[in-house]
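As a plain string of letters, each chain reads:
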Amino acid sequence: MSEVKIGNRPVGGRHPCYVIAEIGINHNGDLDIAKHLIDVAVAAGCDAVKFQKRTVDVVYTPEELARPRENPFGATNGDLKRGLEFGHAEYHEIDAYCAKKNIAWFASCWDEASVDFIDHFDPPAYKIASASLTDDDLLRHTRAKGKAIILSTGMSSLEQIDHAVQVLGKKDLIILHSSSTYPAHYEELNLRVIPVLAQQFDVPVGYSGHETGIPSSVAAAAIGACVVERHLTLDRAMWGSDHAASLEPNGITRLVRDIRLVETSMGDGVKRVLDREKPVIEKLRRVHGPRIQGA
């Protein structure tokens with residue numbers, strides 16, 4: 001399998017799983033919450049944090065923005081969407097804070113202007129959200145930045161993924177299997193798609209999970225996911241659309257710990273008698289077979 005570099009980190013092959021803490025809009029428009037979430041990701045051992053960036057008036061129709069929706073920023077959906085968007089000052093602080101904490105950051109950009117905005121911060125990669133997989137113009141605009149691209153594939157058919165890969169090209173491309181239900185039910189996860197995508201496209205394949213638990217994301221890493229992305233929140237009961245499908249600090253910490261334990265457990269695939277087993281052989285084995293090499 002080919003490898004892709006996100007910054008100076010190789011992803012794919014037998015390299016350690018690249019764990020992304022998706023902050024997204026779980027900062028609720030509050031820079032202090034965003035920094036707290038970055039701290040949680042760093043403490044857990046995540047490799048990167050990810051945000052979402054939209055040009056609200058481009059991504060949403062006037063009718064959708066005018067729709068009544070009570071929220072902390074006002075009475076319409078537009079008030080909410082604008083209240084959740086960070087501008088240059090906030091992202092300048094995020095960029096400096098992540099550099100101080102030595103963790104990579106990048107964003108899912110939902111429109112071309114947002115790609116240009118984030119590009120000012122020289123991110124190591126761009127994420128294409130599942131909702132944008134069929135937006136050929138956005139795919140081409142993002143590819144033109146010359147960075148690694150992580151493509152999420154929720155709510156997409158194999159034919160649609162194939163078309164997106166043709167538009168993007170396979171160079172520096174990582175594909176993430178995903179199910180775009182929030183939170184996702186376990187019977188919807190279909191983790192066996194991960195090796196199917198790897199065989200079909202011959203690029204590194206990972207997993208973006210929206211389930212509430214941890215074991216399925218660890219299982220994804222065990223069956224070959226080179227990236228695992230999970231939403232992160234301070235509290236799943238906070239207001240906002242993504243918190244219920246997110247992991248809390250204890251959850252993300254356990255996720256990274258368990259992925260690293262699984263990686264250690266996978267070994268190299270060569271069957272051998274361990275040095276620590278040899279005293280046990282002498283103690284427990286009644287009939288000794290052929291002599292052990294080196295024993």
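Here the structure is a predicted model, which is why all the values come from computation and not from measurement.

**Things to note about the nonpolar core**
Working step 1: Ranked by size, the top nonpolar core spans 64 residues in total, and within it Ile-38, Val-49, Phe-51, Tyr-91, Ile-94, Trp-105 and Ile-175 carry the most contacts.
Working step 2: In terms of residue count, the dominant contributor to this core is helix H1 (residues 31–44) (eight residues).
Working step 3: The residues touching Tyr-91, leaving out its near neighbours within four places in the chain, are Phe-51, Gln-52, Lys-53, Phe-86, Trp-105, Phe-117, Ile-118 and Phe-121.
Working step 4: The next biggest cluster of nonpolar side chains, apart from the first, holds 14 residues, and it includes Ile-20, Ala-48, Ala-148 and Val-227.

**So, the side chain of Asn-26**
Working step 1: Position of Asn-26 relative to the elements: it lies in the loop between strand S3 (18–24) and H1.
Working step 2: Engagement of the side chain of Asn-26 in a polar contact is seen with the backbone oxygen of Leu-232, the distance being 2.9 Å.

**Here's the deal with unusual backbone geometry**
Working step 1: With an omega of -10 degrees, the peptide bond between Tyr-182 and Pro-183 qualifies as cis.
Working step 2: Of note, Pro-183 is situated in the loop between strand S10 (173–178) and helix H9 (193–201).
Working step 3: Here Met-155, not a glycine, exhibits a phi torsion of approximately 50 degrees, which is positive.
Working step 4: By the secondary structure assignment, Met-155 is in the loop between strand S9 (148–152) and helix H8 (158–168).
Working step 5: Classification of Met-155 as exposed rests on a relative accessible area of 60%.
Working step 6: Phi at Asp-172 is positive, roughly 55 degrees, even though this residue is not glycine.
Working step 7: With respect to the helices and strands, Asp-172 occurs in the loop between H8 and S10.

**Regarding the packing of aromatic side chains**
Describing an aromatic ring pair means giving the distance of the ring centres and the angle of the ring planes.
Working step 1: A full pass over the atoms with the stated rule returns nine aromatic pairs.
Working step 2: Centre to centre, the rings of Phe-51 and Tyr-91 are 5.9 Å apart; their planes meet at 85 degrees, and the pair counts as edge-to-face. Taken together, the positions of Phe-51 in strand S4 (residues 48–53) and Tyr-91 in helix H5 (residues 88–101) put the pair 40 residues apart, joining distant regions of the chain. Per residue, the accessibility class of Phe-51 equals that of Tyr-91, and both read buried.
Working step 3: Aromatic rings pair up to connect Phe-51, Phe-86, Tyr-91, Trp-105, Phe-117 and Phe-121 into one cluster.
Working step 4: Cation over ring: Lys-53 sits above Phe-117, and NZ or CZ is 4.6 Å from the ring centre.
Working step 5: A cation sits over an aromatic face here: Arg-54 above Trp-110, 4.0 Å from the ring centre.

Rules used in this analysis
Residues numbered from 1 in each chain as written. Predicted model: local features only at pLDDT ≥ 70, side-chain atom pairs only at ≥ 80, totals over all residues. Heavy atoms only, no water. Core = buried A, V, L, I, M, F, W, Y, C linked by side-chain atoms within 4.5 Å. Buried < 20%, exposed > 50% of the residue type's maximum accessible area, 1.4 Å probe, protein only. Helix = DSSP H or I, 4+ residues; strand = E, 2+ residues; numbered from the N terminus. Contact = heavy atoms within 4.5 Å. Polar contact = N/O pair within 3.5 Å; in protein donor to acceptor, adjacent residues only side chain to side chain. Phe/Tyr/Trp six-rings, centres within 6.5 Å; stacked < 30°, edge-to-face > 60°. Lys NZ or Arg CZ within 6 Å of the ring centre and 35° of its normal.

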